[in-house]
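Breakdown of the fold
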Amino acid sequence: MIFISKIKPLATKLGIAGIGSIAVCSEAVAASASVLKQDDFVGISFWIISMALVASTVFFFLERDRVSAKWKTSLTVSGLVTLVAAVHYFYMRDVWVTTGSTPTVFRYIDWLITVPLLMIEFYLILSAITKVPAGVFWRLMIGTLVMLVGGYLGEARYLAVWPAFIIGMAGWAFILYEIFAGQAGKINAKNAPPAVQSAFSTMRLIVTFGWAIYPVGYFFGYLTGNSPDASANSLNIIYNAADVLNKIAFGLVIWSVAVSESEHAVVK
Ligand SMILES: *C/C=C(C)/C=C/C=C(C)/C=C/C1=C(C)CCCC1(C)C
């Protein structure tokens, strides 16, 4: 492509129309190689989810108008998660369509921003109803980073895959402890109104079962003796579906409690 873009102006300058149009033709051929195929389900899933993420972003940002001031930050964060993921999915689709693979390691670029933001949502929804100590925020943040850095070091082969997996699992366990039995879980059980408690427990289930898909993917990709490249294709579809649950549906749970609590406050 670089060659063609250099040749074309040169050919035009020299007035060699023939070479110019050959260059244009070959450009069209090169471009058609990177067009989505009708039966490319991985590519199609990247494309559909990109659009769903963009639509969700617009939705979360617009719906800020509907909720009371203390719930607005939660919706902003939901919208930022889907925005970052949308940009990432556009890029991943391109990589997939042009190269036929998308290494899982690329996903950590998205996760490094979106997963801490998702985790902070627990802190934010509790903060909307009561005073929450900063320690809750930091524990959620640190647990998330340990989980992601551990996984990354394994997938990118800076660390042996097993120790890296154990570090990542420890980070996830730490988060789960905090939201079930730790301070965040206790504040929810003690101070939250029923609607918030129900949202909190749905979000917790998502972090338990929806998030479990990624370490299971890591396990089958690296720890069962499979070649990660061979499993990468099917893993892409699974990870994509997981992201819809963990980013869009998670945001909708928060949106729903934000709206119901805001309307509740008006009626009171
Ligand atoms: C939107 C993206 C999300 C919610 C991604 C979540 C990713 C995880 C929960 C990853 C977890 C992992 C472990 C628990 C062990 C080590 C390997 C990881 C990083 C895949």
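Figured I'd write up the structure that's included with this text.

The rules we used
Residues numbered from 1 in each chain as written. Predicted model: local features only at pLDDT ≥ 70, side-chain atom pairs only at ≥ 80, totals over all residues. Heavy atoms only, no water. Helix = DSSP H or I, 4+ residues; strand = E, 2+ residues; numbered from the N terminus. Buried < 20%, exposed > 50% of the residue type's maximum accessible area, 1.4 Å probe, protein only. Contact = heavy atoms within 4.5 Å. Phe/Tyr/Trp six-rings, centres within 6.5 Å; stacked < 30°, edge-to-face > 60°. Lys NZ or Arg CZ within 6 Å of the ring centre and 35° of its normal. Near = heavy atom within 4 Å. Areas by Shrake-Rupley, 256 points an atom, 1.4 Å probe, with all protein chains shown as cover. Nonpolar A, V, L, I, M, F, W, Y, C, P; charged D, E, K, R; others polar. Core = buried A, V, L, I, M, F, W, Y, C linked by side-chain atoms within 4.5 Å. Salt bridge = Lys/Arg side-chain N within 4 Å of Asp/Glu carboxyl O.

Topic: the environment of glycine 171
Within the element layout of this structure, glycine 171 appears in helix α7 (residues 161–180). Taking relative accessible area as the criterion, glycine 171 reaches 3% and is therefore assigned buried. Those residues in contact with glycine 171 that lie beyond four places of it in its chain are Gly143, Val146 and Met147.

Overview of the packing of aromatic side chains
Evaluated as defined, the whole model comprises 20 aromatic pairs. Ring-pair connections join several aromatic residues into one group, and the members of that group are Tyr108, Trp111, Tyr152, Tyr158, Tyr214 and Tyr239. Arginine 93 extends its terminal NZ or CZ atom over the ring of tryptophan 47, reaching a point 4.0 Å from the ring centre.

Some details on unusual backbone geometry
A positive phi angle, near 65 degrees, is found at arginine 157, a position not held by glycine. Locating arginine 157 in the fold gives a position in the loop between α6 (134–155) and α7.

Brief notes about the site of the ligand
Taken together, 17 residues surround the ligand, and among them Tyr108, Trp111, Met147, Tyr214 and Lys247 come closest. Across the complex, the protein chains shield 100% of the 520 Å² of accessible surface that the ligand would expose by itself. For the shell around the ligand, the secondary-structure elements that each account for two or more residues are α5 (107–127), α6, α7, α9 (194–222) and α10 (228–267). When residues of the shell around the ligand are assigned to their parent elements, the largest contribution, 5 residues, is made by α5. Considered class by class, the residues forming the shell around the ligand number 11 nonpolar, 4 polar and 2 charged.

Overview of the nonpolar core
Core analysis: the largest hydrophobic core is formed by 54 residues, its most contacted members being Phe122 and Trp211. Breaking this core down by element, the ones donating at least two residues are α4 (69–99), α5, α6, α7, α8 (183–191), α9 and α10. Among the nonpolar cores identified, the runner-up in size contains 11 residues, and Ile49, Tyr89, Met92 and Ile248 belong to it.

With respect to the pattern of salt bridges
Inspection of the entire model under this criterion finds 7 salt bridges. Of the charged contacts in the structure, one is a salt bridge between aspartate 110 and lysine 247, with a shortest N-O distance of 3.7 Å. In this pair, aspartate 110 sits in helix α5 while lysine 247 sits in helix α10, placing the two residues 137 residues apart along the sequence. Judged by its relative accessible area of 2%, aspartate 110 falls in the buried class. Under the relative-accessibility criterion, lysine 247 is labelled buried at 3%. With its nearest N and O atoms 2.7 Å apart, the salt bridge here joins glutamate 178 to arginine 139. Here glutamate 178, found in helix α7, pairs with arginine 139, found in helix α6; they are 39 residues apart in sequence, far enough to count as distant. On the basis of relative accessibility, which here comes to 29%, the residue arginine 139 falls in the partly exposed class. The structure contains a network of salt bridges with shared partners spanning Arg107, Asp110, Asp243 and Lys247.

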